[in-house]
Amino acid sequence: LPQDPMDFEWSYWIEWGRERILWLLAGHLLVSQVSRLLVEKYKPWCLMVYGMAACWLLLGIKGFAVILLHAAISFAVAQFQLSLLTWLCSLILLSTLRIPAVEEAKRKWYDTENEYYLLLFTVSVRCLFCTSFSLEYCWHAPTQKSSHSFPWMLAYVFYYPTFHNGPLVNFDEFSKQMRRQEAFSVKTNLSILIVGIIRIFFWWCLAELMIHLMYIHALYSSALPLESASYWALGGLALAQVLFFYVKYLVLYGVPALLLRMDGLKPPALPCCVSLMHSFTKMWRLISVKSLTALLICRFTYRYIYVPMGGSQSSLLGTLLSTALTFAFVSYWHGGQSYLWYWGALNWLGVIVENGTKRILSISLIQDLT
């Protein structure tokens, strides 16, 4: 049966994976294992050089220069050690991706739209990595600045398994784990690789079956079948869509997670099945890396937005503000289109209503009545 072509993200990354990215990831794996075996001490720098070469090969000299420029600007601004200034710089750099004249100039660098979109996606994710490094630099004492040097920033920014599409690993976690030297076992790593490949292959087959048999995205992109469907059918279609989203990211994040493990790092936990979620707040609990928010930028927003703004430890107004800023940033980072702002507002409202209801029901008088 023909494939449903309406899920752009799946089609896009599978096409790039088959053409080049999987081969470059295999090259990263080879460099990583050889460096761990022979020159463990210099592994971060070997992987940094490989990541730069892979970036140059895929995005060209101009794309490589854009990412290097973003990193250099972020590092320079971080020297002032002002979190607010760092955030301002990050938002300005992110906003440059949406300036029409800049977009048009970048499109001219490439022969196809797919190549331009690869640069766009990569720079968007790199902005998060640059922000993570810069904020950690601002928060650490002067005695710890040696572990936050510009070479370490480049090793972090150009780490290839997470380069194009994430997932996000905060700089402190990356740095500590990359510096840690462990006993290297070829047999253990080979077993991890084989089991990981089998699992990812199973998820990929399941996703391909869903996209060839169910036509979820083609259905919801057409008004006529939606208008004629019953509410039960619409509910089933919505459930099928989020289930495919879940399986899709088991593949898209499963591959880099496997490579992180092969490099001796601890990857972010893959998401748990959305069918197990019964609480709206639980799904969006920013501290939980196993919720669906791991597919977005949960670890980033929790550490760098939610907690610094007070989070659940502040007053009611502070909690409302920190949650709103979290959803606002997620909406803006994903493109800032109007439907994303509606999406963010509705999710924020859902969290607030559920938490407010729980607080009301926890009052002793209400508990006595119930």
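- The name recorded for the protein in an unreviewed UniProt entry is HHAT palmitoyltransferase, from Falcunculus frontatus.
- As stated in UniProt under Sequence similarities (unreviewed entry), the record for the protein gives "Belongs to the membrane-bound acyltransferase family. HHAT subfamily."

**Examining the overall build of the protein**
In step 1: Summing up its helical and strand segments, the protein has 17 helices and zero strands in all.
In step 2: Relative to the globule expectation of 21 Å for 370 residues, the C-alpha radius of gyration of the protein, 22 Å, shows essentially globular dimensions.
In step 3: The principal-axis extents of the C-alpha atoms in the protein amount to approximately 65 × 55 × 50 Å.
In step 4: Of the roughly 18900 Å² of accessible surface on the protein, a fraction of 70% belongs to carbon and sulfur atoms.
In step 5: Separation between the mean location of the 27 positive side-chain charges and that of the 20 negative ones in the protein comes to 10 Å.

**Considerations on helix α2 (residues 43-78)**
In step 1: The end-to-end C-alpha separation of α2 is 26 Å, well short of the 52 Å expected for 36 residues at 1.5 Å each.
In step 2: Along α2, the largest kink reaches about 120° and is centred on G60.

**Considerations on the UniProt feature "transmembrane region" (unreviewed entry) in the protein**
In step 1: Per the UniProt entry, the sites bearing "transmembrane region" (unreviewed entry) are residues 20-39, 46-69, 75-95, 116-135, 150-169, 190-211, 231-251 and 314-333 in this numbering.
In step 2: Taken end to end, residues 150-169 comprises 40% helix and 0% strand; its first and last C-alpha atoms sit 18 Å apart.
In step 3: Secondary structure content for residues 190-211 is 100% helix and 0% strand, and the end C-alpha separation is 31 Å.

**Quick look at the packing of helix α1 (residues 8-38) against helix α12 (residues 254-262)**
In step 1: It is the contact of α1 with α12, at a shortest axis distance of 10 Å, that shows an interaxial angle of 10°. Taken together, the axis directions place α1 and α12 in an arrangement best described as roughly parallel. The way α1 lies across α12 gives a crossing that is right-handed. Judged by residue contacts, L25, L29, S32, Q33 and R36 of α1 engage V255, L259, R261 and M262 from α12.

**Regarding unusual backbone geometry**
In step 1: Cis geometry marks the peptide bond from G166 to P167, where omega comes out at 5°.
In step 2: Structurally, P167 can be placed in the loop between α6 (150-157) and α7 (171-179).
In step 3: Positive phi outside glycine occurs at Q81, with the angle close to 55°.
In step 4: Examined against the element boundaries, Q81 turns out to sit in the loop between α2 and α3 (83-95).
In step 5: With relative accessibility at 37%, the residue Q81 sits in the partly exposed group.
In step 6: Positive phi, normally seen in glycine, also occurs at Y215, with a value near 55°.
In step 7: Structurally, the position occupied by Y215 is in the loop between α8 (186-213) and α9 (216-220).

**Description of the nonpolar core**
Buried together is how nonpolar side chains tend to be arranged in soluble globular proteins.
In step 1: Counting 84 residues, the largest nonpolar core has L59 and F158 as its most contacted members.
In step 2: Split by domain, the residues of this core number at least three in each of domain 1 (8-180) and domain 2 (269-369).
In step 3: Apart from the residues within four sequence positions on either side, L59 is in contact with F64, I67, Y110, L118, L119, T122 and F163.

**Observations concerning the pattern of salt bridges**
In step 1: What the rule picks out here adds up to five salt bridges.
In step 2: The salt bridge involving E113 is made with R107; its shortest N-O contact spans 2.9 Å.
In step 3: Residue E136 is joined to R303 by a salt bridge in which the shortest nitrogen-to-oxygen separation is 2.6 Å. Of this pair, E136 sits in helix α5 (residues 113-139) while R303 sits in helix α14 (residues 298-306), and the two are 167 residues apart along the sequence.
In step 4: Given a relative accessible area of 0%, E136 falls into the buried group.
In step 5: The network of salt bridges with common partners includes D7, E9 and K248.

**Describing the domain arrangement of the protein**
In step 1: Taken as a whole, the protein is organised into domain 1 (8-180) and domain 2 (269-369).
In step 2: Each partner contributes to the interface: domain 1 provides 18 residues, whereas domain 2 provides twelve residues.
In step 3: Regarding the contact of domain 1 and domain 2, the summed buried area is about 1400 Å², with carbon and sulfur atoms giving 63% of it.
In step 4: Looking at the side of domain 1 facing domain 2, the largest losses of area belong to W87, R98 and L128, adding up to 37% of the total buried there.
In step 5: The interface formed by domain 1 and domain 2 contains one salt bridge.
In step 6: Run the count over domain 1 and domain 2 and you get seven residue pairs in polar contact (both at pLDDT 80 or more).

**A few points about the packing of aromatic side chains**
In step 1: Applying the stated rule across the entire model yields 33 aromatic pairs.
In step 2: Relative to F121, the ring of W13 lies with its centre 5.9 Å away and its plane at 45°, an arrangement referred to as tilted. One end of the pair, W13, is in helix α1; the other, F121, is in helix α5, and 108 residues separate them in sequence.
In step 3: Residue W13 is classed as buried on the basis of its relative accessible area, which comes to 9%.
In step 4: By relative accessible area, F121 is classed as partly exposed at 25%.

Cut-offs and rules
Residues numbered from 1 in each chain as written. Predicted model: local features only at pLDDT ≥ 70, side-chain atom pairs only at ≥ 80, totals over all residues. Heavy atoms only, no water. UniProt positions renumbered as here; feature names shortened; annotations may be inferred. Helix = DSSP H or I, 4+ residues; strand = E, 2+ residues; numbered from the N terminus. Rg over C-alpha atoms; globule rule 2.2 N^0.38 Å. Areas by Shrake-Rupley, 256 points an atom, 1.4 Å probe, with all protein chains shown as cover. Lys, Arg positive; Asp, Glu negative; His and termini not counted. Charge placed at Lys NZ, Arg CZ, Asp CG, Glu CD. Expected span 1.5 Å × (residues − 1). Bend = angle between axes of the 7 residues up to and from the residue. Axes fitted to C-alpha atoms, helices over the stretch in contact; angles between N-to-C directions. Parallel < 35°, antiparallel > 145°, perpendicular 65-115°, else oblique. Left-handed = near helix turned anticlockwise from the far one by under 90°. Contact = heavy atoms within 4.5 Å. Buried < 20%, exposed > 50% of the residue type's maximum accessible area, 1.4 Å probe, protein only. Core = buried A, V, L, I, M, F, W, Y, C linked by side-chain atoms within 4.5 Å. Domains from an automatic or database assignment. Salt bridge = Lys/Arg side-chain N within 4 Å of Asp/Glu carboxyl O. Buried area = accessible area lost by both parts, 1.4 Å probe. Polar contact = N/O pair within 3.5 Å; in protein donor to acceptor, adjacent residues only side chain to side chain. Phe/Tyr/Trp six-rings, centres within 6.5 Å; stacked < 30°, edge-to-face > 60°.

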